[in-house]
Amino acid sequence: MIRKCMLVLCGMVAASTVSARDIEQLRAEFSVLLNGDQTRGVNTLTIERNKERYHVHFALAHWLLDVDQKASFSWEDCTARPDTFNYKAKAVGVRREERLVFDQQTDMVLYQDRNGDQLLSAEGGAFDPVSFFFEARCDLMAGKSSMTYPVVRDGEIKQTTFKVVGEEAIRTGVGTLDTLIVERDRGDSKRKTRFWVAPELDYLLVQISHEENRQLAVTVTLDKLSYSLVDEQEQLTARESQPTATD
């Protein structure tokens, strides 16, 4: 359950719209509440941009769980094209590893875990558990209130839907922020996953909560943040230099 929240955290924290400036770089730290109690651990997220490519790295060092997660994808006009995704975790002595390799030419995804390799057909597109949140942030900035994306999870491509359900002021390590509340649509399931996105921080994700049941709940909240945006002229020049259908 904590693993799923960490996957979400890596993704939704940075992207862009046509009318917004892209994230150049980001460094963030997050605190974790488990069943309402503060936990010890170091939780860091870094995002690096290299022209049209993004590299995302999340590291969680916690007494219950160690996670190292990396994603790489290309980014152009609010469209993410995944390249690779790597996930390693250790919880109570149990190790888990997953790897995704996307082939945009054949619309195939190679899924690798301890059980071996599996090829998935991704005709029409598919995302890893990080890159689709970059597009989700774009859609939120465009005013959408309901969004669905095909995401590779546990060896399957699953349609994942999110809806804006309200607004709330959230206290974080960088101050109290007005946020939009986005909830994952789980149908009739009693499990609940929510995200708080701050428009005043360029629609960065500042909090996640997940309730697995009455006995198990986790909340991840932004504690420290440093980020910069792509220079407006640089971004405009990059868009103007893109080839058109008539070129």
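Here, every reference points to the structure presented above.
Being a predicted model, the structure only gives us computed values, none of them experimental.

K.L.:
Explain the overall build of the protein to me, please; I cannot follow it from the model alone.
P.N.:
When helices and strands are counted, the protein shows 3 helices and 15 strands. Here the protein holds 247 residues, and 44% of them are scored as buried.

K.L.:
Whenever I open this one, the environment of Glu48 confuses me. Can you help?
P.N.:
Along the chain, the position of Glu48 falls in strand 3 (residues 41-50). Glu48 gets classed as partly exposed once you look at its relative accessible area, which sits at 33%. Distance from Glu48 to Glu24, taken between C-alpha atoms, is 6.6 Å for residues 24 residues apart in sequence. Look past the residues within four positions of Glu48 in its chain and what remains in contact with it is Glu24, Gln25, Arg27, Arg53, Tyr54 and His55. Polar contacts involving the side chain of Glu48 include one to the side chain of Arg27, which spans 2.3 Å.

K.L.:
Looking at this structure, how should I read the pairing of strand 10 (residues 146-153)?
P.N.:
As a general feature of sheets, a regular strand has side chains that alternate between the two faces. Within strand 10, 6 of the 8 residues are buried, leaving the element largely enclosed by the surrounding structure. Here strand 10 pairs with strand 11 (residues 156-172) via 8 bridges, running antiparallel. Residue pairing across strands places Pro150 opposite Gln159, the latter belonging to strand 11. Linking strand 10 back to strand 11 in an antiparallel pair, the connection comprises 2 residues, with Asp154 at a positive phi of about 55 degrees.

K.L.:
Sorry, what's going on with unusual backbone geometry here?
P.N.:
The general pattern is negative phi for most residues beyond glycine and trans for most peptide bonds. For Cys78, which is not a glycine, the phi torsion comes out positive at approximately 65 degrees. Within the secondary structure layout, Cys78 lies in the loop between strand 5 (65-76) and strand 6 (79-91). Residue classification places Cys78 among the buried residues on the basis of a relative accessible area of 17%. Positive phi, close to 55 degrees, is recorded for Asp154, a residue that is not glycine. You can see Asp154 is positioned in the loop between strand 10 and strand 11. Taking the relative accessible area as the measure of exposure, Asp154 reaches 41% and is therefore partly exposed.

K.L.:
Got a minute to help me understand the packing of aromatic side chains in this structure?
P.N.:
Each aromatic ring pair is characterised by the separation of its centres together with the angle its planes make. Taken as a whole and assessed by the stated rule, the structure comprises 11 aromatic pairs. Aromatic ring contacts, followed pair by pair, group Phe127, Phe132, Phe133, Tyr149, Phe162 and Phe195 into a single cluster.

K.L.:
Explain the environment of Lys88 here, please?
P.N.:
Along the polypeptide, Lys88 turns up in strand 6. Each C-alpha atom, one on Lys88 and one on Glu98, is 6.7 Å from the other, the two residues being 10 residues apart in sequence. Look past the residues within four positions of Lys88 in its chain and what remains in contact with it is Asp66, Val67, Asp68, Arg96 and Glu97.

K.L.:
Help me understand helix 2 (residues 131-141) in this model?
P.N.:
An α-helix turns once per 3.6 residues; consequently, residues spaced three or four apart project the same way. Within helix 2, 10 of the 11 residues are buried, which leaves the element mostly enclosed by the surrounding structure. After helix 2 finishes, the residue Gly143 shows a positive phi value of roughly 95 degrees.

K.L.:
Quick question: what am I supposed to make of the state of the cysteines here?
P.N.:
Disulfide: a covalent bond connecting the sulfur atoms of a pair of cysteines. Going through the model one piece at a time under the given rule, you end up with 1 disulfide. Across the disulfide from Cys78 sits Cys138; the S-S distance is 2.1 Å. Measuring the twist about the S-S bond at about -75 degrees, one finds the Cys78-Cys138 disulfide to be left-handed. Of this pair, Cys78 sits in the loop between strand 5 and strand 6 while Cys138 sits in helix 2; the two residues are 60 residues apart in sequence, bridging distant segments of the chain. In this structure Cys138 comes out as buried when scored by relative accessible area, which is 4%.

What counts, and where the lines are drawn
Throughout, a residue's number is its position along its own chain's written sequence, starting from 1. Totals for whole chains, interfaces and linings use all residues, but because this is a predicted model, local features are given only for residues with pLDDT of at least 70 and pairs of side-chain atoms are given and counted only at 80 or more. In computing side-chain values, all of the structure's heavy atoms are included and hydrogens and water are not. What counts as a helix is a DSSP run of H or I of at least four residues, what counts as a strand is a run of E of at least two, and both are numbered from the N terminus. Throughout this description, buried means an accessible area under 20% of the type-specific maximum (1.4 Å probe, protein chains only), exposed means over 50%, and partly exposed covers the range between. By definition, residues are in contact when any of their heavy atoms lie within 4.5 Å. N or O atoms closer than or at 3.5 Å make up a polar contact, with two conditions inside protein: a donor-capable atom paired with an acceptor-capable one, and, for residues adjacent in sequence, both atoms drawn from side chains. In this analysis, strands are considered paired if DSSP registers two or more bridges between them. Between rings of Phe, Tyr and Trp, where Trp is taken as its six-membered ring, a pair exists when centres lie within 6.5 Å; planes separated by under 30 degrees are stacked, by over 60 edge-to-face, and by other angles tilted. When two cysteine sulfur atoms lie within 2.5 Å, the pair is treated as a disulfide.

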